[in-house]
Amino acid sequence: MAKGAGVFDAVRVGDVRIVDGVASLLPTQTSPIEALSSAAVASDAMWSDRTDTLAEKSVSVCTGLLSLRRTVFLKEAIQAPYLEDLAAIVPHSQYLHRMRQGAGYLAGKRALEAHSGMREPTRKERHALDDGWARITDWVLTATLAGVTFLPASKAPHLAVLPGYGLLEELALLAHHGVPPTDAITMATTVTAHSFGFDPIPGELSLSEGSGSIAQTPDQPLKRELTRDSLLSVKPLN
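Rules used throughout
Residues numbered from 1 in each chain as written. Predicted model: local features only at pLDDT ≥ 70, side-chain atom pairs only at ≥ 80, totals over all residues. Heavy atoms only, no water. Helix = DSSP H or I, 4+ residues; strand = E, 2+ residues; numbered from the N terminus. Contact = heavy atoms within 4.5 Å. Salt bridge = Lys/Arg side-chain N within 4 Å of Asp/Glu carboxyl O. Buried < 20%, exposed > 50% of the residue type's maximum accessible area, 1.4 Å probe, protein only. pLDDT = per-residue confidence, 0-100.

A. Focus on the environment of Val72. Mapped onto the elements of the fold, Val72 is located in helix α4 (residues 65–72). Excluding anything up to four places from it in sequence, Val72 contacts Pro32, Ile33, Leu36, Arg119, Glu120, Pro121 and Leu129.

Put into structure tokens, the structure is as follows:
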């Protein structure tokens, strides 16, 4: 698995099987804000080249979209669920939790920037960042339809991304941007297992009413249609 600058060159020569994060394929990677901004101005030819090369070389891409977005858009990150549970494993999350407390917003914002370098984008930057996000998510759907293999990955534990539940949020995000929810589940289970050289356990996905869990069950039919909202209705185990 590879990430960072130079990854796509390594993909071209066949040295990479799995790319760690869509952000690793962006023109600029000096910071999350710069990476997202570079996506906004990337040419259509670049996106097509990424699609064609990844498909031709049979290279899989871990998504990491949720962590990228929340690292850039901090005002969204402070609304992330279960944020208080992250402080013990991702110390910077405590500053986001402080920002959520109203009167502690400015103090938490300053502490987060001082300790991590992360900051909320300016209004001027926001327009380009929104465009960059739209280009990335449009490309993921287009590339998926063109045969590129994406592996849903939350990069948890990460700033405002809880292990376990973060993967459900990543699946819901993919569904929100056009990937059918059942396809997203297949990408996260069967496809991921094959990409890492494992044989998946055969079975059928079941989301039971009120159970608060998702399980693979060989003998039980689906309890209800799988949607973006039903993915987010699942609660993490205590």
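Once you've had a look at it, read on.
B. Structural context of the pattern of salt bridges. Within this structure, the stated rule accounts for nine salt bridges. Linking Glu76 and Arg69 is a salt bridge whose minimum nitrogen-to-oxygen distance equals 2.7 Å. Linking Glu125 and Arg119 is a salt bridge whose minimum nitrogen-to-oxygen distance equals 2.8 Å. On the accessibility criterion, Arg119 (30% relative accessible area) is partly exposed. Through salt bridges that share partners, Arg69, Glu76, Arg126 and Asp130 make up one connected network.

C. Here's a closer look at the confidence of the model for the protein. Scored by pLDDT, the protein comes out at a mean of 85, with 83% of its residues at no less than 70. The low-confidence segment residues 209–224, where pLDDT is below 50, has 40 contacts with residues more than four positions distant or belonging to other chains.

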